[in-house]
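Each chain, written out:
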Amino acid sequence: MSGVWTIYRKELRAFLVAPLTYVLTGVFLALGGYFFWATVVISGVASLAGFFGNTTIVLIFLIPVLTMRLWADEESRGTGELLLTSPVSLGQIVVGKYLAAVTLFAGMTLLTAGYPIILYLFGEPYTGPVVAGYLGFLLLGAACVAVGMFTSTLTDNQVIAAVSGFGILLLLWLLQWAAEALGGTAGAILGGISALNHFASFNEGLIATVHAVYYVTVVAGFLFLAVRNLERRLWRSPERGAQSTILTVAVVGILVLANVFAVRAPWQLDLTPEGRFTLSGQTRQVLAALRGPVEITAFVRTGSDSPVPDLVQAYGKASRQVKARVVDPLREPSLAQKLGVQQYDTIVVQQGSRTRKIDPDSLYTTVPGEYKTEFNGEQAVTRAILELGQEQQLKVAFLTGHGEASPEEGLTQLEGDLRGEGYDTVTFNLAETGKVPADTSVVVVAGPQSDLSPDELEVMRKFVNGGGRVVLLLDPSQRSFSGWASLARELGVELGQDVVVDPVRAFIFDVLSPLPVMEDHPITSPLSERRMQVMLPRARSLARAALPATASGAAAAAAPATASGTTTGAGTASAPGESAAAVAGPPVVTSLLRTSAEAWGEPLTGERVKIEKNPGDPGGPFDLAVAVERANPAATEGEPAPVAVVVGNSAFIQDDFLGFQGNRDFFLNAINWLTGKKSLISIRPKVFAPPMITLTPNLVWYSFYGFVVALPLLLLVSGGLIWWRRRAL
Amino acid sequence: MIQLEHVSKQYAGRTAVEDLTFTVEEGEVVGFLGPNGAGKTTTMRMITGYMPPSDGRIRVAGFDPIEDPFEVKRRIGYLPENPPLYGDMTVSGYLYFVAELKRVSRDRRRAEVARAIERTGLTEVSGRLVGHLSRGFRQRVGLAQALIGDPPVLIFDEPTVGLDPQQIVEIRQLIKNLAGEHTVLLSSHILPEVQAICQRVIIINKGRLVAQDRPEALAERLHAGAEFRLRVRMPRGAGAAGQATAEAAGEATGEAAAGVTGEATGEATGEATAEEAAGVARLLRQVNGVRDVVPEGAAGAFRLILDPGLAVEQSEEVRERVFYELARARYPIIELSPARVSLEDVFVQLVTEEQAGGEGA
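How each quantity is defined
Residues numbered from 1 in each chain as written. Chains lettered and ligands numbered in written order. Predicted model: local features only at pLDDT ≥ 70, side-chain atom pairs only at ≥ 80, totals over all residues. Heavy atoms only, no water. Helix = DSSP H or I, 4+ residues; strand = E, 2+ residues; numbered from the N terminus. Buried < 20%, exposed > 50% of the residue type's maximum accessible area, 1.4 Å probe, protein only. Contact = heavy atoms within 4.5 Å. Areas by Shrake-Rupley, 256 points an atom, 1.4 Å probe, with all protein chains shown as cover. Core = buried A, V, L, I, M, F, W, Y, C linked by side-chain atoms within 4.5 Å. Pairing = 2+ DSSP bridges. Axes fitted to C-alpha atoms, helices over the stretch in contact; angles between N-to-C directions. Expected span 1.5 Å × (residues − 1). Salt bridge = Lys/Arg side-chain N within 4 Å of Asp/Glu carboxyl O.

### Comments concerning the overall build of chain A
Assigned secondary structure in chain A consists of 25 helices and 23 strands. Within chain A, buried positions represent 53% of all 729 residues. By sequence separation, contacts in chain A at least 24 residues apart represent 76% of the contacts at least 6 residues apart. If you sum the accessible surface of chain A, you get close to 31,000 Å²; carbon and sulfur atoms cover 61% of it.

Here you go:
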């Protein structure tokens, strides 16, 4: 040990008196300062990721120049003969020299401390990525120094040492390209060897043993090679050859095993602000309970900064049952085609023959008014895994035959989302089948264009009164559909024969598209928590029916009932008809979406009228969506069971509008509420909010002159001073 | 203190040292002499553990430099051919580093450095950068470096090379003073230098041991004259001139053994041949300029030893006379050639180089 210490101090002293050290440090600081300035000060994002990402390339050129003299100089001066005839081992010499160079590099890195100081003074950076970034940067530098140490033992010519060090480092860098071009297992191995990959995750804020072990391996491997190489060059002799081969094999074996172990038993510290690499406890429970292998495939564009690959890999790491793959659909188009993937960032979860596809639309939510994005990937994937594991899928049946939108037409995206939520979707036409398909959990009626025939109404009544659940989405219409109206009335809802105009709460571009107020309900509260709006392009008002309709003969009254804010529920009349045998209580109607008080109902008469509030128009607030429950006959405690969700609009779930803020979630929540599934699991979305920094124009220039000009100059000047003072010695 | 047994070293297909065996006793100052490229540096590097021998065994204070490198290295102070100096260190800083490197205990380091500086006369330059020193001072710093830690064994590879005469004298005196407390092995290609400093000289040439002895004995042997291998046709026909006796033959053999090589000679093939050979020897001894003639194993083979100190022309004249004498006695010469690389040849080279070096300096 004392040998290492002696060599270390001598080497460090040699670095500190060498003018080259100061020139290199000056160049390093000038480039680093520029990268910092260009990525932080200019963009206003308080993160060092840009500085690290760019400066790592500088290290490839810089470190070999720093390390070139380590051994080559000893050899050309003949001082190696002193070291090797002194009681120190080659290993001590190499390690001592190596540590000195690493210390110097750490010192250079320390001189960049001004960058984070600026970030903390004038912005709010995330500490995790700063810490992880510095750690990764130091590890990367330590690995580069080890490579330089090795190439310095190759020759007594410092230029050759530097150039070959640069070559090896560049190769380690560029392997990543080869890996990407190659793909598959070979690509994965090459990618694992590439130095670039490993730094990237540090720079994102993840400290993972896999990556740390990689750098330690590079360091240990190249230092070992350096010692071997010196031995070989100085002491080549046959009987040591066999011994050294065995030793080499042993060391290589240990290093490989260490890496395999690190991959197998990963440990990581996730310092990303949003916990990007960390799965929630719920997910880990789900994964622990997995009963069969699950395959998760992410289709991601190579080189994108999507969080999807990290997420999917996190699943792969968390459970051996999970096989995680990240695929570029351009590279493997057949797979993408087979799984029906058409968009980047699609995730496909497979278990056995069953498949769940998660579309990118359901992964991201933009928080309105704020510069951040929510990523719901974990919730989506975990739900998909859960649902794949369920014995039976719930069935959502779309009624057709009256011009409704259906999964085939208008609701293609919605169908994908429903499947993503674990539902099976079918369509049915009562005229053909005469009944609702067996095992249907929910019937969706999405904007019929024509009326329900009396026979069909009867089937539907039987269905809802027999415990079936229904989503009625009825757009405003000039015609009045008595069939639909009586079905609605059966559910305690009176359909308004109007189109709602809400001058206060409407989509900014269209006064006829209300953005209704959300009432507190399991369906809406997740949305209001996230401040997401539901937009209903053209909505009719809904009111509470005075009495449940009893028969198909009860034609709908065209006049909308006035809706009062705290409408008393539907009457107390007992449910009529033999089909009502299963129904114990009257429908209880709860508001989901309401207009403002300033809204009015513009009667639909067929003639073009000016949109304005006329004295005769009914005034708001109106319900635009309601939830209907009935006391459950089976439940002794009489807890009401969900029966229906009625919305005065169907367009909001059609492909054109489904993506608007909360539209999709509103519908899916409604389905989940009806089926009693609520949500299988709810995981907090990961929020990306770039840390901001604001610098005054003066500060922008001060930081430029400080970091890019003054600090590097200071180094050069101190190097010059040291040279000047020693010149006379 | 230093033992080499049948040590060989091959480098890149070339044999640098071959079957070298010698011993240096404790407290001796031994000169390691040989022309350039003789294998001196290689041998010293093997002794210091800088490189391993390809074959044979080395012991320094009873330790093998390869098996127990630390034990050997901590006992050796080594001045390589090129002094191992760091130009960017001050003299005292450098020596302090060496003291650390040699594991001189912390409390003794300063004293050790001061002692080495004083002994090598570096006091006035101790604060200067090694890189700024003149050649002579650098050589002295190299020497001081070897003295750090007061190692029992000192190995100096050409310690005076490149120094001016005044410096050479100083260094030689310094090394002489080290005798007794230290075992010193120093290499040189300059005979007078070795004569001046060393108690014993080991001479190698082309990787092989040529001779080892006290410098005076070597000088004597140098003047012992040149040696030739002589073969004559024997037995000649009837009517031999010589009246050899077994007694005389035995005498001659004894002399030769003591005098030159110590090799066993004179394995007589038959009594008659031996007598005849002795007769030839006696005959030739009478030739002016011939010091001795020793019959060798094969019939008609002799070692012809000329008087010491003969010039080349004189030596040729003697050989001429030998020719006529043998012709007269009807013993035709089949071969007359210089014996194997002689000590003299090596010495001639060494002396010449000294002169050339001296002129150049």
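### A closer look at the environment of P615(A)
With respect to the secondary-structure elements, P615(A) resides in the loop between β20 (600-603) and β21 (623-631). Each C-alpha atom, one on P615(A) and one on W600(A), is 10.0 Å from the other, the two residues being 15 residues apart in sequence.

### Description of the nonpolar core
In this structure, F36(A), L48(A), I47(B), Y94(B) and L185(B) are the most contacted members of the largest nonpolar core, which totals 127 residues. The greatest single-element share of this core, amounting to 14 residues, is contributed by helix α8 (residues 127-152) of chain A. Those residues in contact with I47(B), other than ones at most four positions away along the chain, are I2(B), L4(B), I58(B), V60(B), P65(B), V72(B), I76(B), I155(B) and L185(B).

### Topic: the sheet that holds strand β8 (residues 200-205) of chain B
All names here are of chain B. With mixed pairing, six strands are arranged side by side in an open sheet as β5-β6-β7-β3-β8-β9. Two strands in the sheet have a free side with no partner beyond their single neighbour: β5 (76-79) and β9 (208-213). With strand direction ignored, the average angle separating the axes of adjacent strands in the sheet is 15°. Relative to β8, strand β3 (residues 29-33) runs parallel, the two being bridged by four bridges. Residue pairing for β8: V30 is matched across the bridge by R200. In the packing of helix α5 (residues 135-147) onto the sheet, the strands contacted are β5 and β6 (153-157), and the crossing angle to β5 comes to about 170°.

### Considering helix α17 (residues 377-389) of chain A
In this model α17(A) runs 18 Å from its N-terminal to its C-terminal C-alpha over 13 residues, within 8% of the 18 Å that 1.5 Å per residue would give. Among the residues making up α17(A), those that are buried are G377(A), E378(A), Q379(A), A380(A), V381(A), T382(A), R383(A), A384(A), I385(A), E387(A) and L388(A).

### What to know about the environment of V147(A)
As for its position among the elements, V147(A) is in helix α8. For the pair formed by V147(A) and G221(A), sequence separation is 74 residues and the distance between their alpha carbons is 9.0 Å.

### Overview of the pattern of salt bridges
Going through the model one piece at a time under the given rule, you end up with 33 salt bridges over all chains. The salt bridge partner of R59(B) is D64(B), with a shortest N-O separation of 3.3 Å. We note that R59(B), like D64(B), is buried. Overlapping salt bridges, with partners in common, bring together K10(A), E11(A), R69(A), E74(A) and K97(A) in one network.

### Regarding the environment of A627(A)
Residues and elements named next belong to chain A. Take A627: it is sitting in strand β21. As for A627 and T590, which are separated by 37 residues in sequence, their C-alpha atoms are 5.1 Å apart. Filtering out sequence-adjacent residues up to four positions away, A627 remains in contact with H521, V588, V589, T590, L592, A644 and W673.

### So, the pairing of strand β12 (residues 301-306) of chain B
Residues and elements named next belong to chain B. Buried residues dominate β12, accounting for six of its six residues. Covered by surrounding structure in β12 are A301, R303 and I305 together with F302, L304 and L306, the residues of both alternating faces. As judged from the five bridges shared by strand β10 (residues 227-232) and β12, these two strands associate in the antiparallel manner. Each bridged residue has a counterpart across the sheet, and for R231 the counterpart in β12 is A301. Note that strand β11 (residues 290-295) and β12 share five bridges and pair antiparallel. Along β12, the bridge assignment pairs P295 with F302. In this structure, the hairpin formed by β11 and β12 is closed by a connection of five residues, where G300 is found at a positive phi of approximately 85°.

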